Amino acid sequence: MMDNFSQAFKDEARELLEELEDSLLEMEGDPGDLALVGRVFRTMHTIKGSGAMFGYDEIASFTHNVETVYDLVRNGELPVTKELVSLSLAARDRILAMLEGSESGVAVDREENERVIEGFRGLLPEGGRQSSAGPAAVAASETTACMVTYRIRFRPHPDIMKHGTNPLGLLQELRELGICSMVAHTSEIETLDQLDPELCHLFWDVILTTDRGREAISDVFIFVEDDSEIAIEVIDDGSAGQGEAGYKKLGEILVERGAMTAEQMDAVLGQQKRFGELAVEAGMVDPDTVASALLEQQHVKEVRQERQPQPQETASIRVSADKLDLLVNLVGEMVTVQARLSTVAQQLKKHTELVAVAEEVERLTNELRDNALNIRMLPIGATFSKFKRLVRDLSAELGKQIELSTEGAETELDKTVIEKLNDPLVHIIRNSIDHGIESPAERLAKGKPETGTIRLSALHSGDSVLISIVDDGAGLNRDAIRAKAVERKLISAAAELTDKEIWGLIFAPGFSTAGKITSVSGRGVGMDVVKQAIEALRGSIDVQSEQGIGTTITLRIPLTLAIIESLLVQIGKDRFVLPLSLVDECMLLGREDLEKSHGRDLLMVRDQLVPYLPLRRMFRMEGAAPAIQQVVICQLQGKRFGLVVDRVVGEHQTVIKSLGPMYQHVEGVSGATILGDGSVALILDIQAIVHTAGAIAN
């Protein structure tokens, strides 16, 4: 059981640390936002408390030092500085290292921990620095942070304003101490003809919940306490436990305040109206006093309710990723079995009951498939937020000023796809920072803002997601790329290439235009890795660049890798699957069309020549092609081409099965699926086929 709790803490801590990093980066951009400071403090407090509860004392002790500093920051005693944010990010990394060290058994670098702690101690005012924070210090912090609720009666002297004091300013100071509710008593205001505008005719009841203590409240009234009536009473000491979220009844509050006697309370309770209304009607108390008591009752109720442990949300649960993967695999098997059932039902049409059952199973299977896949869908925003830290650290290392903006963080992708996207995006963003964005001096000389920008966005496009990385840097240098490609003999010196083909050269293995090798770039490892990773996801890359303006790299990624909508085609007796997301249309190819092309494998499609590739010839399949074949027109990286097959069977829900080790490196095939009749169909890798055959015309 404790192992389960410990794992739950680790999972929660990782999520909190991700949120902490986001909050710190936001806080650096807006140091005056106290809500962000409070969010950082609460995150640290949660990690510390949970860590101590589950035996992670080192994490609790370390985090306490950070929390101590942020307690001063949220109270306005310390400012938010770049040094504080940098130290906090380093502390976040140390907490994560301790967490991972507890799992792997690798010893934590305690000297590095101490260095970070000393950095925080250096921010503390003299006298507030502590040498260490063990369990006792943590416990002491918990005690001082206890929230106590006070009832405050403030009746200022009528001449208070003549002496230069505004009572509203004192009330505002009370509000700044914590959670505050107040009622103004108006019963002593004179009629207009007798009203002296220079006098104060009001007094106030204030209900304040704070962890600052009675002395902080008394300090607010230090200059008026001699002439004013000030009463401060503790009405809730913060020790209410489980099941005590309520508070006293209205009559009990009024009796406690001395506004009425117990006998009067009993007399009122014997009637049917609301207690407050009856007490006012009986002339025992005035309406303002009742309103003040009701305010106190509601305030304390809310404070106690917030203090109670919140019940676990039943709307969401934490599930192991392995269990989700197993569920999707089982759903895939269900889809395959359902297809076989539908095939058998169609063959036995006379059994109408079997057909009806097959149709119902198909409907339920489709719903189950959609829901199972949706469970694995996650917003890409969590991945985007990780790059804020990358941009911050790398731009500081290179002496550049760069801002990262994100759009479409709510766009959802399959969990597996998101995990495989991280490395390609890291390489692209690092290239944008190093090669794309110029130094502040260069940007100013070009008339650009000193701070460069990188925009990361995502949006749905059919069954795919488009992820764009846009920078406003120097853009790709066409001449430099071409010269490097000629030097490495990737192209001939006389070759005439379009911009798109020039940009495609940056994805060649080992290609780099960097003048020297640094910790960031120069080894030619990066963009070729990006291309391989994106193609492994059955995605595509598009590069657009204008020198001096910037570069845009767009990735088209399928929503999921488990089950795809596809087009089933047939060549001879064999059937193949094409991803439907790449298919534009299907056309007939007769002998007349072949004669018109004069062996050039070109087809006229609405006044546009489209190259095509006969798959029968490429796969060296035996037998003669039918008199009328069909061409599946596909689009890849903005170019159209055709794949010639014997027959297009129709659309198909394809459950992707990986190939065995012997067939994993077969070019042109990315997987397999089981059809309704139990036979196997290969899933064609259109990108690899086109690349191998050179079917795309310039």
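The structure this text deals with has already been given above.
Report follows, based on the coordinates.

Cut-offs applied
Residues numbered from 1 in each chain as written. Predicted model: local features only at pLDDT ≥ 70, side-chain atom pairs only at ≥ 80, totals over all residues. Heavy atoms only, no water. Helix = DSSP H or I, 4+ residues; strand = E, 2+ residues; numbered from the N terminus. Buried < 20%, exposed > 50% of the residue type's maximum accessible area, 1.4 Å probe, protein only. Areas by Shrake-Rupley, 256 points an atom, 1.4 Å probe, with all protein chains shown as cover. Phe/Tyr/Trp six-rings, centres within 6.5 Å; stacked < 30°, edge-to-face > 60°. Lys NZ or Arg CZ within 6 Å of the ring centre and 35° of its normal. Core = buried A, V, L, I, M, F, W, Y, C linked by side-chain atoms within 4.5 Å. Contact = heavy atoms within 4.5 Å. Pairing = 2+ DSSP bridges. Axes fitted to C-alpha atoms, helices over the stretch in contact; angles between N-to-C directions. Salt bridge = Lys/Arg side-chain N within 4 Å of Asp/Glu carboxyl O. Polar contact = N/O pair within 3.5 Å; in protein donor to acceptor, adjacent residues only side chain to side chain.

### Concerning the overall build of the chain
Then step 1. In terms of helices and strands, the chain carries 23 helices and 21 strands.
Then step 2. Out of the 698 residues belonging to the chain, those deemed buried represent 43%.
Then step 3. Only carbon and sulfur atoms are counted for the fraction: they give 52% of the accessible area of the chain, which is about 37,000 Å².

### Some remarks on the packing of aromatic side chains
Then step 1. On inspection of all chains with the given rule, the structure shows three aromatic pairs.
Then step 2. Ring geometry for Phe576 against Phe619: centres 5.5 Å apart, planes inclined by 40 degrees, an arrangement best described as tilted. Linking Phe576 in strand β13 (residues 574–579) with Phe619 in the loop between α22 (615–618) and β17 (629–636), this pair joins segments that are 43 residues apart in sequence.
Then step 3. A relative accessible area of 7% means that Phe576 is categorised as buried.
Then step 4. One aromatic cluster is present, formed by Phe154, Trp204 and Phe221 through successive ring pairs.
Then step 5. The ring centre of Phe203 lies 3.8 Å from the NZ or CZ of Arg155, which sits over that ring.

### Details of the nonpolar core
Across soluble globular proteins, nonpolar side chains have a tendency to be buried as a group.
Then step 1. Counting residues in hydrophobic clusters, the biggest one holds 47 residues, and the most contacted among them are Leu413, Leu421, Ile467, Ile469 and Leu555.
Then step 2. Residue contacts for Leu555: discarding those within four places in its chain leaves Leu421, Leu425, Ile428, Val465, Leu466, Ile467, Ile469, Ile534, Ser540 and Ile541.
Then step 3. By size, the runner-up hydrophobic cluster in this structure holds 40 residues, among which are Leu84, Ile95, Val108 and Ile117.

### Examining the side chain of Thr43
Then step 1. By the secondary structure assignment, Thr43 is in helix α2 (residues 34–53).
Then step 2. Leaving out residues up to four positions away in the same chain, Thr43 has contacts with Leu16 and Leu20.

### Here's the deal with the sheet that holds β13
Then step 1. On the basis of which strands lie adjacent, the open sheet formed by five strands has the order β19-β12-β13-β21-β20 and mixed pairing. Strand pairing shows two members of the sheet lacking a second neighbour, β19 (647–655) and β20 (669–674), which therefore form its edges. Strand-to-strand, the axes of this sheet are offset by a mean angle of 35 degrees, without reference to chain direction.
Then step 2. With eight bridges joining them, strand β12 (residues 563–571) and β19 adopt antiparallel strand pairing. By the bridge assignment, Leu567 is partnered in β19 with Glu651.
Then step 3. On top of the sheet, helix α13 (residues 321–347) reaches β12, β19 and β20; it is set at about 145 degrees to β19, its chief contact.

### Focus on the sheet that holds strand β8 (residues 452–461)
Then step 1. Spatially, the five strands line up as an open sheet ordered β6-β8-β9-β11-β10, and their pairing is mixed. Edge strands, defined here as strands with exactly one partner in the open sheet, are β6 (402–407) and β10 (540–546). Neighbour-to-neighbour, the strand axes of this sheet turn through a mean angle of 15 degrees, independent of strand direction.
Then step 2. Here eight bridges tie β8 to strand β9 (residues 464–471), and the two strands are oriented antiparallel to one another. Residue pairing across strands places Ala458 opposite Ile467, the latter belonging to β9.

### A word on the pattern of salt bridges
Once their charged atoms are close, side chains differing in charge can pair, the charge on each being opposite to the other.
Then step 1. By the definition in use, this model includes 44 salt bridges.
Then step 2. Between Asp393 and Arg392 there is a salt bridge whose closest N-O contact spans 3.4 Å.
Then step 3. The class of Asp393 is partly exposed, set by a relative accessible area of 33%.
Then step 4. Three or more residues are tied together by salt bridges with common partners; here these are Glu21, Glu28, Lys82, Arg92, Asp93, Arg389, Arg392 and Asp393.

### Considering unusual backbone geometry
In most cases, non-glycine residues show a negative phi, while peptide bonds are predominantly trans.
Then step 1. Residues other than glycine seldom take positive phi values, yet Lys489 does so here, at roughly 60 degrees.
Then step 2. You will see that Asp601, though not glycine, has its phi angle at about 55 degrees, which is positive.
Then step 3. The exposure class of Asp601 is buried, given its relative accessible area of 18%.

### Looking at the environment of Lys639
Then step 1. Residue position: Lys639 is located in strand β18 (residues 639–645).
Then step 2. Between the alpha carbons of Lys639 and Val610 there is a distance of 9.0 Å; along the sequence they are 29 residues apart.

### Examining the side chain of His185
Then step 1. Relative to the assigned elements, His185 resides in strand β2 (residues 179–185).
Then step 2. Owing to a relative accessible area of 1%, His185 belongs among the buried residues under this scheme.
Then step 3. Of the polar contacts made by the side chain of His185, one reaches the side chain of Asp205; its length is 2.7 Å.
Then step 4. The residues touching His185, leaving out its near neighbours within four places in the chain, are Arg153, His201, Leu202, Phe203, Trp204, Asp205, Asp286, Asp288, Thr289 and Ser292.

### A short note on the environment of Lys448
Then step 1. Examined against the element boundaries, Lys448 turns out to sit in the loop between α17 (440–445) and β8.
Then step 2. Here Lys448 falls in the buried class, since its relative accessible area comes to 14%.
Then step 3. In this structure, the C-alpha to C-alpha distance between Lys448 and Gly548, residues 100 residues apart in sequence, is 9.9 Å.
Then step 4. Those residues in contact with Lys448, other than ones at most four positions away along the chain, are Glu438, Arg443, Asp472, Gly473, Ala474, Gly548 and Ile549.
Then step 5. From its side chain, Lys448 meets the backbone oxygen of Gly548 in a polar contact 2.9 Å long.

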